[in-house]
Amino acid sequence: MAGGQRARWPASTLTNAWLLAAAVLLNTQGIIAQKVQVEVEVEAYPTESVTLRCQFINGGSTKLTQVSWIWEPVDGQRDNIAVYHPVYGQSFPNPLFKDRVAFLFNNLENPTIRISKLRMSDAGRYTCEYATYPTGNEQGTTNLVMLAKPKNSADVVTVQAGTKSVVVAQCVAADSKPAATINWISSVRGNYSTSTTSGPDGTVTVRSEYRLVPTAEDNNKEVTCMVDQRTQERQWTKSLRLSVEFPPSVSIAGYDQNWYVGRSNAELVCVFNANPPPTAITWKSASGPLPDSVVVENDRLSIRKVDDAVNTTFICEVKNKHGANSHHINVFVNEQQKTEHPKPPSTGAIIGGILGTLAVIGLIVGAILYVCCRQDDGEGPPKHKPPPPVKGSSSTEMLTKPSEPTTASKRALLSKGEVYYETSGREPVANLDDGSSGALNGGAPPGLDSSVKEFKESADSHHSNEFESSNHGAPAASISRGDSFVSPAMYV
C-alpha cells in the first residue's frame with residue numbers, strides 16, 4: 001500500500017479465520033483417530049502374554065512409509081520397542097523387550113504386536129505411530145494396565161494367657177495390584193490393624209493383625225480372615241482357631257459320698273484343662289502312700305475294693321510347661337451302704353398342687369351357682385294361672401257395693417302345696433267403647449274384683465271362730481274398696 005500503511009482486516013474476517021483454523025484442526029484429529037485404530041486400555045498379568053492391536057484404515061491416497069511402537073513407562077520417557085519397514089524389515093531396538101515382542105502380521109496396514117513373559121514393570125502407554133506422506137505422522141495409544149493377583153495367607157500366633165493385648169492372628173495379601181482389602185470376622189472381642197507396603201515393581205502388600213487380651217476361654221475360638229481384590233473372582237476367606245496357652249486347671253469327679261466297706265469298682269477321675277497338654281499327672285494321698293487297693297492309670301484312680309484305708313484325702317496334680325496345679329477330695333468310708341430315701345416334693349410342686357385344687361373347686365362352685373341361678377329365674381311353666389277378666393259391672397259399682405258376709409261353703413281353703421285355678425267358659429273381650437268400664441277408668445276388671453272379694457270372704461270365714469274367741473265376740477271389720485286405696489291381698 002502507498003504511504004507505507006499496513007492493511008487492516010475487519011474484525012469479522014479475523015473471527016472467521018480463527019473458526020476455520022479450529023475446524024481444520026478438529027477435522028485433522030478426527031481423521032487421525034479414525035485412521036489408526038487401537039484399544040484404549042488392556043489389562044494383563046505377570047508371566048502371561050498380551051496382544052496390542054493396531055490397524056491403519058481409510059488411508060485413501062495416503063502413503064505408509066514406516067510404523068513404530070513406542071513405550072512410555074512414565075511421562076517424558078519414550079522408547080522404541082518395535083519398528084517395521086516394508087523394505088528394511090523388522091527391528092526391536094530396546095533390550096528390555098528382546099525376545100519378548102514380535103509382530104503378528106508382516107505388513108504396514110496391521111502392525112499388531114504380542115508381548116510375552118510380561119513383567120509388572122511393562123505397564124505404561126504404548127503408541128502405534130505411522131510415518132505417512134503427505135499427512136505426516138499419525139498415531140493411536142493403548143494404556144497397558146498390569147494387574148497382580150494377591151498371594152493370600154493367614155496364620156495363628158500362639159500366645160500365653162495374660163493381661164496385655166497381643167497379636168493372636170495374622171492375614172497377608174502380598175504383591176497385588178491394585179492393593180487388596182482385608183477384614184475379619186471373630187467370635188471373640190478383639191480388634192485389628194492394617195498396614196501396606198509398596199514394592200519396586202508397583203505391587204502392594206497388605207498385612208492385617210488381629211489383637212486381643214488372651215484368656216484361657218479364648219483358646220480354640222474361631223476368627224476368619226477375608227480378602228477382597230479386583231483380580232479375584234470371589235472373596236478369599238480362611239478360618240483359624242486361636243492358640244492360647246495357659247497352666248492347668250484341675251478338679252476331681254466320681255465321688256458320690258456313698259463309699260462303704262466292701263464296695264467294689266469305685267473310681268475317681270482327674271479332670272483338667274491345659275494348653276499345651278500336661279506333661280505329668282500325679283495322684284497322691286494326704287495320709288502317705290496310696291492304699292494297696294488303689295490302681296492309678298493316667299487321670300483315673302480306681303479302688304478294687306473299698307476298705308478303711310481308703311478313708312483319706314486324695315490329691316491330683318497336673319503339670320505343663322506353664323506351671324502346675326492340683327485339687328484334693330476327702331473320701332469318707334461308711335460301715336454300710338446308705339439307703340436312698342425318696343426326695344420330698346419341692347416347694348414349687350406343692351404350691352402348684354394347691355393352686356390346681358383351688359381352681360377345680362372354683363369351677364365346681366361356679367357350676368352349682370349357675371344352675372341355682374337358672375332355677376331361681378323361674379324357667380319352666382308358671383305355678384298358677386291368673387283369673388281372666390270377666391265383663392260385668394263397672395269398677396265404681398264394685399267399689400261402692402257393700403261387702404257381703406262370708407260363708408265357708410263358697411271356697412274351701414287351700415292346703416299347703418295346692419294351686420288354685422280359675423276358669424271361665426270363654427275368653428273375655430274388653431269393651432273399649434264402654435266409658436264406664438273399670439279397666440278404662442284405671443280400676444281392675446270387674447271379674448277380677450269379684451274373684452278377689454269371694455276369696456277374701458272365704459279366708460275371713462276360716463278365721464272367724466278364732467278371731468271371735470280372741471276378741472270376745474267383736475264383729476268382723478268390713479272395709480269397702482272405696483274406703484281404702486290399697487287393694488285387698490290375693491291369697492294363692
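For the structure itself, consult the block above.
Each value, and the rule that gives it
Residues numbered from 1 in each chain as written. Predicted model: local features only at pLDDT ≥ 70, side-chain atom pairs only at ≥ 80, totals over all residues. Heavy atoms only, no water. Core = buried A, V, L, I, M, F, W, Y, C linked by side-chain atoms within 4.5 Å. Buried < 20%, exposed > 50% of the residue type's maximum accessible area, 1.4 Å probe, protein only. Disulfide = S-S within 2.5 Å. Helix = DSSP H or I, 4+ residues; strand = E, 2+ residues; numbered from the N terminus. Pairing = 2+ DSSP bridges. Axes fitted to C-alpha atoms, helices over the stretch in contact; angles between N-to-C directions.

Caption draft 1: Region of the structure containing the nonpolar core. Ranked by size, the top nonpolar core spans 29 residues in total, and within it Val50, Trp69, Ile81, Ile115, Tyr126 and Tyr130 carry the most contacts. By size, the runner-up hydrophobic cluster in this structure holds 20 residues, among which are Ala169, Cys171, Trp184 and Tyr210.

Caption draft 2: Up close: the state of the cysteines. For the structure shown, the criterion picks out three disulfides. One disulfide bridge connects Cys171 with Cys225, the sulfur atoms lying 1.7 Å from each other. Handedness here is read from the sign of the S-S torsion; for Cys171 and Cys225, about -65°, the answer is left-handed. Of the two residues, Cys171 sits in strand β14 (residues 166-176) while Cys225 sits in strand β18 (residues 222-228), which places them 54 residues apart along the sequence. For Cys171, a relative accessible area of 0% puts it in the buried group. Assessed through its relative accessible area of 0%, Cys225 is described here as buried.

Caption draft 3: Geometry of the sheet that holds strand β27 (residues 323-330). Strand order in the open sheet formed by three strands is β23-β26-β27, with antiparallel pairing between adjacent strands. At either margin of the open sheet sits one strand with a lone partner, and together these are β23 (280-285) and β27. Across the sheet, the axes of successive neighbouring strands diverge by a mean angle of 15°, strand direction being ignored. Bridge count between strand β26 (residues 313-320) and β27: eight bridges; the pairing is antiparallel. Across the sheet, Ile315 pairs through a bridge with His328, a residue of β27.

Caption draft 4: Quick peek at the pairing of strand β6 (residues 79-85). In terms of residue burial, β6 counts as a mostly covered element, since five of its seven residues are buried. Relative to β6, strand β5 (residues 63-72) is paired through five bridges, and the arrangement is antiparallel. Opposite Trp71, over in β6, you have Asp79 as the bridge partner. With three bridges joining them, β6 and strand β7 (residues 89-91) adopt antiparallel strand pairing. What sits directly across from His85, in β7, is Gly89. In this antiparallel pair of consecutive strands, β6 and β7, the connection spans three residues.

Geometry only, nothing functional implied.
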